[in-house]
Amino acid sequence: MTPLFSLLFDTLDARLKLRGPSRKVANKVFPHNWSFLLGEVALFSLVVLVATGIFLTMFYRPSTEATVYNGSYELYQGAQLPAAFESILRLSHDVPGGLLFRRIHRGASHLFIAASVLHMLRILLTGAFRRPREVNYHLGIGLITFAFVAGFTGYSLPYDSLAGTGIRIAYSELLSLPLIGDRVAFWIFGGDFPTGDVIPRFFVFHVLVVPGLIIAMVSLHLALVARQRHTQFPVRGVDGHKFILGKPLWPAQFAESATLVLWMAGLLTAAAVFIPWSDVALLGPYVPGEVGNNAQPDWFMFWIDGALRIFPPLEFSVFGLLTVSGPFVAGILLPGFVFTALAAYPFAERRRYGLRGDWHVLTNPLEIPLRAGFMLGIWSFVLLLSAAATSDILSRLTGVSIENVLWFFRITCVLLPPLLGLAINRYAKRRLARHSRTVARSEQEAQVAAASTEVAAGSKPKQPAQAPGSAP
Amino acid sequence: MSRRHRALLGWAVVVAAGVASLMAQLGRPAVAQTEQLTSAERTRAGIIYASQCATCHGAEGTGGVTPAGDPVPALAGNPDVTVPYVDLVMRVGRMPPAGDPYDNRSREVLLDAEQRRLVTAYVAEEFDLGGSVPTVGEGNPVTGREVFAANCAQCHGSSGAGGVAGAGAWTPPVVNTDPVTIAEAIRVGPFQMPGFNNQQITDAEIADIAAFLEVVSEEAGTPAGLVELNPVYASGFAALFVGIVVISLFIIAGRPKWFPDPSGQPTGRGLSRRQRKARAEQEPAA
Amino acid sequence: MSDDPKAELRVISRTEPPASKLNDSIVVLTAGGAVLCALVFAVALPLGGPLPLYGGALSLGLLLFGVAIRRYFTDRFPDIEAIELREIPDPDHADEPLSDVEALGPRRSFLKRALIASGALFGIGIAAPPIASLGPAPGGTLLRTAWRPGVRLVTNEGLPVQPDDLAMGGIASIWPQDAIGQERSSVLLLRLTTPPVAPTNLDWVVDNVVAYSKVCTHAGCPVALYREQDDALFCPCHQSTFDPSRGAVPTFGPAARALPQLPLGLDDQGYLVALDDFQAQVGPAFD
């Protein structure tokens, strides 16, 4: 410790009693696996998002009032533009570093959502959602939902032609809610689209409400991990139900996290140099009644857009009271169904196999046929829907007419996910039968099963056998 | 019925061109070219026509059917076929076709500027076609962008990258297209594209659109050569980027390993190469 | 605290990295390189240097500093694997009270329930009205557009339109006079090459010129792509296709309703006017 640091620490320690707690924190053991860092990637992306977001907020003007652009970008000199779009142009082309930070912000938003989804996949596949961690799993689903809202509102703020089209579709989605649609849409938009309130309100959602909720929920998410400790992959010779095997926070985990945050920021900046994913100058400002033949949402909304594209024409009235339409079924019910299925899955698994007690050791999804089938079924469904949102590009690249591309997805989205789910479910069942085992109902049972197969295979435990026993 | 209206369209083009040439004399830079071929040029043009066009359209320009049985429009006496139309189809490579003549995605252009000039003049003389090849003056890209967004972007995309039109039709990209092609296409309305007359898009606005597309084509890209991304391509790059980040996780925390097999294979924990080496050195000692 | 056995790290294995002069040089070089990159960034950004220069410098600096940190820690500290006891829920404390102060007297569960119920009602009572003030009541807003009998059709620039202003097979975006930009009132004007047939209302067709709402009945995108030879309107958002020569009925894609036809007529000066508002619901379903 450098003298300055120890002086500062001693001063604080004399007043706050830091020595004991800091040792406890430094000695906290972290299981070591690359997939455990996905959540950290999401966390650090959030930090980058907040930091760059603060910079962008200094320049952005949340308004659609007509403003004359007088900056250096040739295509708009002297043109009347919505203030939001004009401020984005100024930020991108007339503020040093503005474009770089916008691109980093956009890249970090991609990474935040992607890492969150991959993190959720890891949790789902390995069974880290099982008791006692259901609450944290549901918090995570809530976080991903808000990440989508943050991503969509952020995509909308520049008020370019794509953003305006996206807002229009979101408005139609709200309208499609049976019975209350028009009311809800008017509450959120402040009247019939496009009102002057849309952009100011989306701005408040994007920079205050949603990030506030995300930060609060992330804090709780982390507090729960600290309280409940990590799950871990099975390690032979270590009773993972009672012990955590890993590396201490200081120095190993700290070094990994510090390296990760720096590399991630470096990669985000490199991506911002090469990939112009936040540039909107050529898209032009949104003008009501105009659309470009390039209307697509960001990738994380592809699955909803794909569902809207392939859903067959549907609209009927129920007793003249309420209307059920395609956009409601494909754009609201279907995503709602997917999220509900994800949220309900832990209970389904516990009930299906009569699971008992707490679980801290991760399990191969192939050991649990229901989970293998559910995961492949639901994620292949979401991926196929996402692919359907790229139908226009696929049509152009392959030379197949778009009608046929959409029919292809109509059929595969219905047929393929259940078939794949059933196939892997059967495979997992046969695999268990081959080892003449059943799904373990408690962690102890699972360990006994694993130990017996080990003995049967005649292998010697690699870890010191006394390790668990030596602990009190 | 359609024919008659197309005749009207043909006349509209002629009239527009006439008006344009009149305006050119008043200082507007839009002139109609009238082409007179020398006899040597005529012979060359005749050879090109005979080898590249006559197979389907006939030596007399009567049209007919392709060997595959698809209809071929007549050139002679067809009010649809005008000089700008003939010039346009050769400029964009639709004719002579490098592949399927009915595939309207962007394609190879087989005739160079000189050959095109000869053929255009040849068929204009031979089949008595109306209209002329327009010229396009200087325009204002700022106005051009607004006109493009209001009239063209719904089919060709906000930045002119082209797109899908349904029923096996694709709208071609219009960036890196020369101004004459743009002017001809707007007035003629080739194939699935609706035409626009001078009331809707004036000659000056056409020049503005061309100026806008010129600016778009010159837009500075990133060091990777990328200019503004369509969300689908952006998503591809996002996937690539996330992949690189995941690889960096492997470098930081060790390579991924699958679960231990129930019959007792190695654990799911990964170690970096350096760690494994250090451990291997230590293990014999321990 | 130091004598708390729980605070101690229980080490399972400990691996010391071999001492390496090379590693020390790598740490110094990468950290120094990072500082150099930061310097380039700090100079190039304010001077308005090219983005690839200052962006590249920032990126390289961050990556190099990451290498420096990683090298420093792997070389200066032992690689330790440790074990920690999980906190198992203690069944003995399951009936421990949450606090030591309890309410007086016999339990009055009615009071408790009344208080909770009124608290909930009170909460809803004060939270709901502000939500209701966020937007006006829709009323009939979505049932009407700005089209009225005699309202002229005008272009983006506000110019009135005559049938001949369109090329044969041409298409134009049209607004009601005095309501340019009112999104739900936008209209597509088409001059068809063949006369439309039922279910197009032929009374509302002037000289083969027909007008339909531009707002898609599926999700509200502007249906603006016109394939002239096929006589098809195509929505670039979700690929709904409509047939304008047959009342703009949907022929493909997710849209379930035809685009409403605008009652079209001519005024005494020969300009196109609306005879009335749309007679069918404009845009997507809403209740």
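Throughout what follows, the structure given in this document is the object of discussion. Keep in mind it's a predicted model, so treat the numbers as computed, not measured.

1. So, a negative patch on the surface
Residues and elements named next belong to chain C. A surface patch of negative charge is lined by Asp-90, Asp-92, Asp-95, Glu-96, Asp-100 and Glu-102. One can find Asp-95 in the loop between β2 (79-85) and α3 (109-132). Judged by its relative accessible area of 67%, Asp-95 falls in the exposed class.

2. A few points about the sheet that holds strand β5 (residues 187-191) of chain C
Residue and element names in this part refer to chain C. Read from one edge to the other, the open sheet built from four strands follows the order β3-β4-β5-β6, with strand pairing classed as antiparallel. Two strands lie at the open edges of the sheet, namely β3 (153-154) and β6 (209-213), each paired on one side alone. Summarising the sheet, β3 and strand β4 (residues 171-176) pair through two bridges and their orientation is antiparallel. Following the sheet pairing, Leu-153 is matched in β4 by Pro-176.

3. Digging into the interface of chain C and chain A
Each partner contributes to the interface: chain C provides 75 residues, whereas chain A provides 97 residues. Taken over both partners, the interface formed by chain C and chain A buries close to 7,100 Å², and the fraction arising from carbon and sulfur atoms is 64%. At the boundary of chain C and chain A, one finds five salt bridges. Residues Glu84(C) and Arg229(A) are paired through a salt bridge, measuring 2.5 Å at the closest nitrogen-oxygen approach. Where chain C touches chain A, the interface holds 22 residue pairs in polar contact (both at pLDDT 80 or more).

4. Notes on the interface of chain A and chain B
Contacts between chain A and chain B engage 81 residues on the former and 71 residues on the latter. Between chain A and chain B, roughly 6,100 Å² of surface is buried when both sides are summed, and carbon and sulfur atoms account for 68% of that area. Among the residues chain A hides against chain B, the three largest losses belong to Trp34(A), Leu282(A) and Arg396(A). Together they make up 14% of the total. Where chain A touches chain B, the interface holds zero salt bridges. The interface formed by chain A and chain B holds 14 residue pairs in polar contact (both at pLDDT 80 or more) in total.

5. Observations concerning helix α2 (residues 39-57) of chain B
Residues and elements named next belong to chain B. Helix length check: α2 (19 residues) gives 23 Å between terminal C-alpha atoms against 27 Å at 1.5 Å per residue, more than 12% under. The sharpest bend along α2 reaches about 45° and sits at Ala-50. For α2, the set of buried residues is Glu-41, Ala-45, Gly-46, Ile-48, Tyr-49, Cys-53, Ala-54 and His-57. Among the structural elements, β2 (71-72) and α4 (113-127) are those in contact with the buried residues of α2. Looking one or two residues past α2, Gly-58 carries a phi angle of roughly 85°, positive in sign.

6. Remarks on the state of the cysteines
Applying the stated criterion across every chain, the model contains one disulfide over all chains. The residue that forms a disulfide with Cys221(C) is Cys237(C), at a sulfur-sulfur distance of 2.2 Å. For the disulfide bridge between Cys221(C) and Cys237(C), the dihedral angle about the S-S bond is near -90°, and by the sign convention the bridge is left-handed. Of the two residues, Cys221(C) is situated in the loop between β6 and β7 (225-227) and Cys237(C) in the loop between β8 (232-234) and β9 (241-243); the sequence distance between them amounts to 16 residues. For the unlinked cysteine Cys155(B), the closest cysteine sulfur is that of Cys152(B), found at 8.5 Å.

What counts, and where the lines are drawn
- Residues numbered from 1 in each chain as written.
- Chains lettered and ligands numbered in written order.
- Predicted model: local features only at pLDDT ≥ 70, side-chain atom pairs only at ≥ 80, totals over all residues.
- Heavy atoms only, no water.
- Patch = residues over 30% accessible without salt bridge, like charges linked within 9 Å, V, L, I, M, F, W, Y side chains within 5 Å.
- Areas by Shrake-Rupley, 256 points an atom, 1.4 Å probe, with all protein chains shown as cover.
- Salt bridge = Lys/Arg side-chain N within 4 Å of Asp/Glu carboxyl O.
- Lys, Arg positive; Asp, Glu negative; His and termini not counted.
- Charge placed at Lys NZ, Arg CZ, Asp CG, Glu CD.
- Helix = DSSP H or I, 4+ residues; strand = E, 2+ residues; numbered from the N terminus.
- Buried < 20%, exposed > 50% of the residue type's maximum accessible area, 1.4 Å probe, protein only.
- Pairing = 2+ DSSP bridges.
- Contact = heavy atoms within 4.5 Å.
- Buried area = accessible area lost by both parts, 1.4 Å probe.
- Polar contact = N/O pair within 3.5 Å; in protein donor to acceptor, adjacent residues only side chain to side chain.
- Expected span 1.5 Å × (residues − 1).
- Bend = angle between axes of the 7 residues up to and from the residue.
- Disulfide = S-S within 2.5 Å.

Fair warning: the whole summary comes from geometry, so function is off the table for now.
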